[in-house]
Each structure stands twice: as C-alpha cells, then as structure tokens.
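Residues per chain, in single letters:
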Amino acid sequence: MLSHFFLLHSSGARFKNRGFMIPFRIKVVEPIRFLSLKEREQKIGDAGLNVFRLKSSDVTIDLLTDSGTSAMSNAQWAAMMIGDEAYAGSTSFFKLEKTVQELMGLPFVIPTHQGRAAEQLLDFTLVKPGQMVPGNTHFDTTKAHIEFRGGRCVDCTIKEGKTPEGEHPFKGNLDIQTLETCLKKEGSEKIAYVLITMTCNSNGGQPVSLENIAAVAALCKKFKVKLFLDAARFAENAYFIQQREKGFYEKSIGEIVQRMFSFADGCTMSAKKDGLVPIGGFLALRDKILFETMKPHDILFEGFYTYGGMSGMDMEAMAQGLKEVIQKDYLEHRVGQVAYLGRRLKKGGVPVVEPFGGHAIFIDGREFYKNVPKDQFPAQLACVEIYKEGGVRGVEVGACLAGRDPDTGKNIMPALDLCRLAIPRRVYTQEHFDYVAEIVLGAHEKGKGRKTGLKFDQETPQGIRHFTSTFKYV
Ligand code: F0G
C-alpha cells in the first residue's frame, strides 16, 4: 500500500533530480543566529537542560513545534487588512464560519483562541467525574483537560502504532476490538465521548484511515456515544488517505476532508497547525442544542461567540489558511519535506519512527542512546545534546511528557520515548534540513558510548511538567 507513496517522494516530488519544487517563493526573510559551542552549552545549562526554557534568539533552527510557526501567505496578510473588529457579528467571523461549514460540513462553529480552549469548552460540557474518553494516544493538553474534569483517557491505539518500526500505513488507527470491549464494559453512561486525533501527534504524526474512522463511528452509533475529532492536522491526515488508502488516489483533498468529518459529531481544532496561522482555533458541532449549551461558556472564558478570543484579523487569516492548507501542491511539498529529513537521518543510521509522520520526524530516544536506562530520559537527553551540537531545538515526547499517573502518583513509562523534530509549515528549505541532518548525525555519533542520562533537578509537581521542570546529568 505504501509503495506508491514512497515512489512519489523518493524521486523528489514531481521534479526528477531536482529535490522538492517549493510551491511558493520567499518575500520576507528573518535572520537566524549561530552561537558558538561554548555559548550553547552555557545557554542550555542556564535553561536547566530543558529546551522550553531557552530563548528563541539562542536557537538556530527551531523545530520545537509546528504549532503557530507557519509562514503566512501574501493572501493571508492581505486578508488581515480587511479584518472586522466588531465585538458582535463581525463579518470576519461569518467568513470563517462559512469556510468551516463548507470544508468540514459541520454547521455550528464556536471560535476559540487556540485548540486547548476548544478542548476546555468541550470537556467542561461533556465530561463528568469518573467518565472515560477512549481514543488514540490523546495529546497532552487534551488528556490534561479530560483529567481536570475528573475524566480518564483510554488509549485504544493499534499495537503497530506503539512501536517505532514497521510499515503500517495508518499507525494512528484505533483498535476496534479494544474500543468495543471498552464501550461494552463501561456502558454509554460512563463514556463522555470517543476522540480520534488525526494525525496522531503523540505516536509520531501517524494518520488514521477513513476505513478506521468509519468503523469507530459505527461502534459509537451502536453504543450511542458521541464521536469527536481532534482536527489539528486534518489536512495532512487527508493527504495520507489520498496517497495510501485504496480508492482515494483520484479523490481531491477537499472531498476526503468532507468524508472524514461526515462521521463525526464535531471537532476541536487548533488552527495553529493546519489553519496556517500563529493563533486561533474553534469547536465545530453538528448538534444545535449542544452548540447553544456551549455558547455561554465560550462568552465567559473566550469572548463573545463571534470572536472567541481572536481578533477579526486572526479570523480572516485563518479562513484563508484553511483554504490554502488543502491544496495538493502545498501538501505534497509539506509532507515530502518532512520525509526528506526522515530519509536523511535514516540513511545516516539515526533511529527514526517509520513511516515518517506528517508534521515531524520522531527520533527513538531509547535506540539513539542504547545504553542509557529508560528512566533516565534518553529522548530528553537527545534534545539537549542536539541543541548543543548545532543549535537545533527539538522536543521530548516521551517519559517526561507522560508525567505521573493521577491515581497512583507513579511515573508513567510510555511505550515510546521520542525526540520530536517538528517542521514549521512553509518556513525552512531543503538546505536547512541538510544542516539539521548533519547536526543530528553528529550528536548521534558522539553519544554512542553514553551510559547515563538525566534526572530531575526540580520537577514541576502538578499538571503538565515538561514545560517547566529542570534536569541534571546523572
Ligand atoms: N491537539 C493536538 C493533536 C495537538 O498537537 C495540540 C497542540 C493541541 C490539540 C492543542 O492545541 O496548542 O492550539 O492549544 N500541539 C502543539 C505541539 C502544542 O507542539 O504539538 P493548541
């Protein structure tokens, strides 16, 4: 199933021997800084060996996140100039609402300032203490919001999605048997809703197939529970469906997106990813009653329901971004660029999660440092050492991020301990990735004999700890 996809990209998109043809040209540039090794060692030491605590001005290539870091198009900048800043009934909101309705087929749209605000709104309304939210490896803020409401996440990701190797084309899929057992055991009263994250960020940016979305939806219908999509990277997911799932190669991305959302009761969206904007998000719903129930909460926490934490300018840029993100040449280049970096690292012997994800390359920390014990945060160590080697900033998606079990207080040991190199959209070129590959390969080579990793210096006691904790070398 994957052969066609790899063929397309291994020949350098549509242009033989010329690498990827970038479907845009660059009009505005932003200088980047190179620090000396001594300076980098100083900076990461001062940051308590936590890349979140670095200043971005001390980073040369910033692959911390693909969230809110896209370059906007000339059409998006132009759209911002016609932003309507009315408190109520802004024309920019109606433009955004129409775009979402046409794109996703969901009639009711509540704007929020970013994805987690949509999660907050959804969980405030739907999650009661003791209820479950089954899904495919929930993202950290998603999980935290569910737990904050007293709910619990049940991870139903397929077993292939929990290993770094293998060629499964849809490692983000849910295991239908596990989900059915969970729904049967708990009964509909104990299930707040089912959530599909597409692509699945936490297991490597892996996509979910339409066949799987349909099968999950059928189970939800049978057990009378709602199905929501975490749509942060919906366009990348649709592209993988087009390239990898039988019967969709001839379909447009727009048609595939329509199909994906046709199975859902609604979605949360962080437009900082596939909305191609620095800030913004929304919650979209099929049910009017639910929509009316949520509106007052949006007003209380986000702002009036025709702006929800965004300016008119933000909504204009997002509406335009949502149109650009489903263009095939954009997606071909985008996903191809990520795969280019993946191939370069793999060729150099760096252990990377395969198939390559849609928004990032994930390095397997436990293989990168084979002799560093699992509980000494090898992926976090990789982030630190890659920064030191050449100012490239990735982020840990592993044992530190997994945190502690809210019931037992024990450290959770996740199936994968990854260092993520997330690729901002339309920002870096192939030359930047050649540099990144050289740096990662250099750090890998230097770390080969390494036997010890990191321990907490100061662990943030509550909630999401990876942003603020500090570390020491063991
Ligand atoms: N869902 C997924 C799958 C995400 O990846 C994120 C954010 C969110 C929800 C929350 O959205 O940031 O707009 O509030 N992911 C970022 C990342 C932060 O770096 O992967 P948000």
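Let me sum up the structure you'll find in this document. Note that the structure is predicted; figures quoted are calculated from it, not measured.

### What about the overall build of the chain?
Thinking step 1. When its secondary structure is counted, the chain shows 17 helices and 14 strands.
Thinking step 2. Relative to a compact globule of 474 residues, whose C-alpha radius of gyration would be 23 Å, the chain shows 21 Å and is just as compact.
Thinking step 3. If one aligns the C-alpha atoms of the chain with their principal axes, the spans along those axes are about 60 × 55 × 45 Å.
Thinking step 4. Looking at the chain as a whole, 58% of its 474 residues qualify as buried.
Thinking step 5. For the chain, contacts bridging at least 24 residues in sequence account for 72% of all contacts bridging at least 6.
Thinking step 6. When the accessible surface of the chain is split by element, carbon and sulfur atoms take 55% of a total near 19700 Å².
Thinking step 7. Across the chain, the 62 positively charged side chains and the 56 negatively charged ones have centroids separated by 2 Å.

### Overview of the nonpolar core
Thinking step 1. Formed by 64 residues in total, the largest nonpolar core has its most connected members in Phe234, Met260, Phe261 and Phe282.
Thinking step 2. Counting the residues that make up this core, at least three belong to each of domain 1 (5-62 + 327-473) and domain 2 (74-324).
Thinking step 3. Once you skip the residues sitting within four places of it in the chain, Phe261 turns out to touch Met104, Leu106, Met198, Leu229, Ala231, Phe234, Cys267 and Arg286.
Thinking step 4. Core analysis: the next-biggest nonpolar cluster, separate from the first, contains 54 residues, Leu54, Ile361, Ala399 and Phe456 among them.

### Let's talk about the packing of aromatic side chains
Thinking step 1. On inspection of all chains with the given rule, the structure shows 14 aromatic pairs.
Thinking step 2. Centroid distance Phe52 to Phe467: 4.7 Å. Interplanar angle 80°. Geometry classified as edge-to-face. Remark: Phe467 occurs in the loop between β13 (454-458) and β14 (470-473) and Phe52 occurs in the loop between α2 (37-46) and β1 (61-62); sequence separation between them is 415 residues.
Thinking step 3. By relative accessible area, Phe467 is classed as partly exposed at 30%.
Thinking step 4. An aromatic cluster of at least three residues, connected via ring pairs, comprises Tyr87, Phe304, Tyr305 and Tyr307.
Thinking step 5. Stacked on the ring of Tyr305, the Lys or Arg Lys295 has its end atom at 4.3 Å from the ring centre.

### Describing unusual backbone geometry
Thinking step 1. For the peptide bond that leads from Met198 to Thr199, omega is -10°, which places it in the cis range.
Thinking step 2. Here Thr199 lies in the loop between β5 (194-197) and α8 (210-222).
Thinking step 3. Note that the residue after Glu354, namely Pro355, is joined by a cis bond; omega there is -10°.
Thinking step 4. For Pro355, the location among the structural elements is in the loop between α13 (328-347) and β9 (360-364).
Thinking step 5. Non-glycine residue Lys224 carries a positive phi angle of around 55°.
Thinking step 6. For Lys224, the position within the fold is in the loop between α8 and β6 (227-230).
Thinking step 7. Even without glycine at this site, Arg426 takes up a positive phi of about 65°.

### Structural notes on the pairing of strand β7 (residues 266-270)
Thinking step 1. Within β7, 5 of the 5 residues are buried, which leaves it mostly tucked inside the rest of the structure.
Thinking step 2. Examined bridge by bridge, β6 and β7 share 3 bridges and lie parallel to one another. In the sheet register, Leu229 faces β7, and the bridge partner there is Cys267.
Thinking step 3. In terms of strand pairing, β7 meets strand β8 (residues 281-285) through 5 bridges, oriented antiparallel. By the bridge assignment, Ser270 is partnered in β8 with Gly281.

### Section: the packing of α13 against helix α17 (residues 430-446)
Thinking step 1. Remark: α13 packs on α17, axes separated minimally by 9 Å, with the N-to-C direction vectors making an angle of 30°. Accordingly, the angle class assigned to the pair α13 and α17 is roughly parallel. At the point where α13 passes α17, the crossing takes the right-handed sense. Each of Gln337, Tyr340, Leu341, Arg344 and Leu345 in α13 lies in contact with α17, whose residues at this interface are Gln430, Phe433, Asp434, Val436, Ala437, Val440 and Leu441.
Thinking step 2. Considered class by class, the residues forming the contact of α13 with α17 number 8 nonpolar, 2 polar and 2 charged.

### What to know about the site of the ligand
Thinking step 1. Residues in close proximity to the ligand total 16 residues, the closest being Thr65, Arg116, Asp230, Ser270 and Lys273.
Thinking step 2. At 2.7 Å from an oxygen atom of the ligand is found a side-chain nitrogen or oxygen belonging to Thr65.
Thinking step 3. Note that a nitrogen atom of the ligand is positioned 2.6 Å from one of the side-chain N or O atoms of Asp230.
Thinking step 4. For the ligand, whose free accessible area comes to 470 Å², the fraction covered by protein is 93%.
Thinking step 5. Broken down by class, the residue content of the shell around the ligand amounts to 1 nonpolar, 8 polar and 7 charged.

### Here's the deal with the pattern of salt bridges
Thinking step 1. Taken as a whole and assessed by the stated rule, the structure comprises 29 salt bridges.
Thinking step 2. When the shortest N-O distance is used, the salt bridge between Asp407 and Arg152 registers 2.9 Å. Note that Asp407 is positioned in the loop between α16 (399-402) and β12 (418-422) and Arg152 in strand β4 (residues 152-155), a separation of 255 residues in sequence.
Thinking step 3. One salt bridge connects Lys370 with Glu367, and the closest N-O pair in it is separated by 3.6 Å.
Thinking step 4. On the basis of relative accessibility, which here comes to 37%, the residue Glu367 falls in the partly exposed class.
Thinking step 5. Salt bridges sharing common partners tie together Asp66, Arg233, Glu236, Asp274, Arg334 and Arg425.

The rules behind these values
- Residues numbered from 1 in each chain as written.
- Predicted model: local features only at pLDDT ≥ 70, side-chain atom pairs only at ≥ 80, totals over all residues.
- Heavy atoms only, no water.
- Helix = DSSP H or I, 4+ residues; strand = E, 2+ residues; numbered from the N terminus.
- Rg over C-alpha atoms; globule rule 2.2 N^0.38 Å.
- Buried < 20%, exposed > 50% of the residue type's maximum accessible area, 1.4 Å probe, protein only.
- Contact = heavy atoms within 4.5 Å.
- Areas by Shrake-Rupley, 256 points an atom, 1.4 Å probe, with all protein chains shown as cover.
- Lys, Arg positive; Asp, Glu negative; His and termini not counted.
- Charge placed at Lys NZ, Arg CZ, Asp CG, Glu CD.
- Core = buried A, V, L, I, M, F, W, Y, C linked by side-chain atoms within 4.5 Å.
- Domains from an automatic or database assignment.
- Phe/Tyr/Trp six-rings, centres within 6.5 Å; stacked < 30°, edge-to-face > 60°.
- Lys NZ or Arg CZ within 6 Å of the ring centre and 35° of its normal.
- Pairing = 2+ DSSP bridges.
- Axes fitted to C-alpha atoms, helices over the stretch in contact; angles between N-to-C directions.
- Parallel < 35°, antiparallel > 145°, perpendicular 65-115°, else oblique.
- Left-handed = near helix turned anticlockwise from the far one by under 90°.
- Nonpolar A, V, L, I, M, F, W, Y, C, P; charged D, E, K, R; others polar.
- Near = heavy atom within 4 Å.
- Polar contact = N/O pair within 3.5 Å; in protein donor to acceptor, adjacent residues only side chain to side chain.
- Salt bridge = Lys/Arg side-chain N within 4 Å of Asp/Glu carboxyl O.

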